[in-house]
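Inside the fold
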Amino acid sequence: MMLEEISSNKMFAGVQAHFQHDAESLKCKMRFAIYLPECASKSSPVPVLYWLSGLTCTDENFVQKAGGQRMASILGIAIVCPDTSPRGDDVADDENQAYDLGLGAGFYINATEKPWSSHYQMYDYIVDELPKLIEANFPVSSKKSISGHSMGGHGALTIALKNPDLYCSVSAFSPIANPVNCAWGQKAFSAYLGSDQTLWQQHDASLLMKASTHHIPALVDQGLDDDFLKEQLHPKSLISAALSNNYPLILNQHQGYDHSYFFIASFIENHLCFHAQHLQDSQ
């Protein structure tokens with residue numbers, strides 16, 4: 001699979017780069033960002049943290065705003081940041097160009113309803129196609145963890161909970177924790193998956209955590225001054241699910257922090273250290 005390099009910059013002795021490729025699962029060109037620490041080599045491959053961004057974001061937001069590269073360099077972890085949806089002139093978008101459906105709002109699921117089903121197969125892309133591409137073209141190992149923010153926090157949690165054998169750990173900032181019971185989730189799921197709510201439930205972190213039989217370490221950070229906290233995020237549902245199933249979830253709540261990348265930048269190094277510990281433990 002051919003990769004086209006878009007940019008490359010030296011950063012903390014490593015390299016921050018952006019690439020483009022033809023994504024078979026999405027039937028369009030896709031971009032991703034990758035940070036490779038200096039220690040990464042064919043003889044010494046490094047583990048990977050996959051970062052899933054939120055609504056309206058692209059492969060650039062985390063790279064430019066989160067400030068995770070310094071700690072990734074110290075810990076010897078690669079960070080891969082895919083885009084949040086398929087892109088292109090042929091890719092369906094919301095007719096009103098709403099920010100919470102269509103371009104920039106893939107929700108990391110496989111759409112079954114038209115017109116979305118032609119391209120919106122983000123689950124397959126994140127779980128299968130992208131890791132294979134990364135492992136075939138960069139000096140990384142098969143050891144991986146996953147993290148994300150908001151819609152991406154939903155994606156990280158649900159993907160890890162559905163595939164606990166693939167990831168050493170999972171974390172999230174301000175995740176949409178119970179999407180079947182919030183407006184963002186209901187709008188996206190009804191469009192992408194149709195009216196059958198049993199399909200929706202297969203992509204709800206709280207429901208998946210409650211039913212999980214294979215536990216992996218999970219870390220969530222939530223700002224208590226987040227404008228979306230009460231109506232969209234529902235972290236209490238995630239806490240309840242973890243308690244009911246003895247799930248190893250650490251959920252930290254922070255007074256005064258909002259939904260922005262200022263919040264993410266404040267605690268991203270804690271998340272990287274969390275993942276480094278569990279990536280190391282799995283070796």
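As shown above, the structure is provided for reference.
Keep in mind that this is a model prediction, so the values were computed, not measured.

Let us look at the nonpolar core. Ranked by internal contacts, the top residues of the largest apolar core, which has 71 residues, are Phe107, Ile146 and Tyr192. It is helix α3 (residues 122-137) that contributes the most residues to this core, eight residues altogether. With 23 residues, the next largest nonpolar core counts Leu49, Phe62, Ala66 and Tyr261 among its residues.

Quick look at the state of the cysteines now. Enumeration according to the criterion identifies zero disulfides in this entry. Distance from the sulfur of Cys39, which forms no disulfide, to the nearest cysteine sulfur (Cys273) is 14 Å. Using a relative accessible area of 42% as the deciding quantity, one classes Cys39 as partly exposed.

Moving on: the pattern of salt bridges. As enumerated under the stated definition, the model contains eight salt bridges in all. Ionic pairing is found between Arg70 and Glu269, a salt bridge with its closest N-O pair at 2.9 Å. With Arg70 in helix α2 (residues 69-75) and Glu269 in helix α10 (residues 261-281), the pair connects residues that are 199 residues apart, well separated along the chain. Residue Glu269 is classed as partly exposed on the basis of its relative accessible area, which comes to 25%. Between Lys144 and Glu135 there is a salt bridge, with its nearest N and O atoms 3.9 Å apart. Note on Lys144: relative accessible area 8%, which makes it buried. Through salt bridges with shared partners, a single ionic network connects Arg31, Asp59 and Glu60.

Quick notes on the rules
- Throughout this document, residue positions are counted from 1 along each chain, in the order its sequence is written.
- Local features are withheld for residues below a pLDDT of 70 in this predicted model, meaning they are given only at 70 or higher, and side-chain atom pairs are given and counted only at 80 or more; totals for whole chains, interfaces and linings count all residues.
- Excluding hydrogens and water, the side-chain figures rest on all heavy atoms present in the structure.
- Take the buried Ala, Val, Leu, Ile, Met, Phe, Trp, Tyr and Cys residues and link them wherever side-chain atoms come within 4.5 Å; each set so joined is a nonpolar core.
- A 1.4 Å probe rolled over the protein chains alone gives each residue an accessible area, and that area as a share of the maximum for its type sets the label: buried under 20%, exposed over 50%, partly exposed in between.
- In DSSP terms, a helix is any run of H or I states spanning at least four residues, a strand is any run of E spanning at least two, and both are numbered starting from the N terminus.
- Disulfide assignment relies on a single distance test, namely cysteine sulfur atoms paired within 2.5 Å.
- Salt bridges are defined by distance alone: a side-chain nitrogen of Lys or Arg within 4 Å of a carboxyl oxygen of Asp or Glu.

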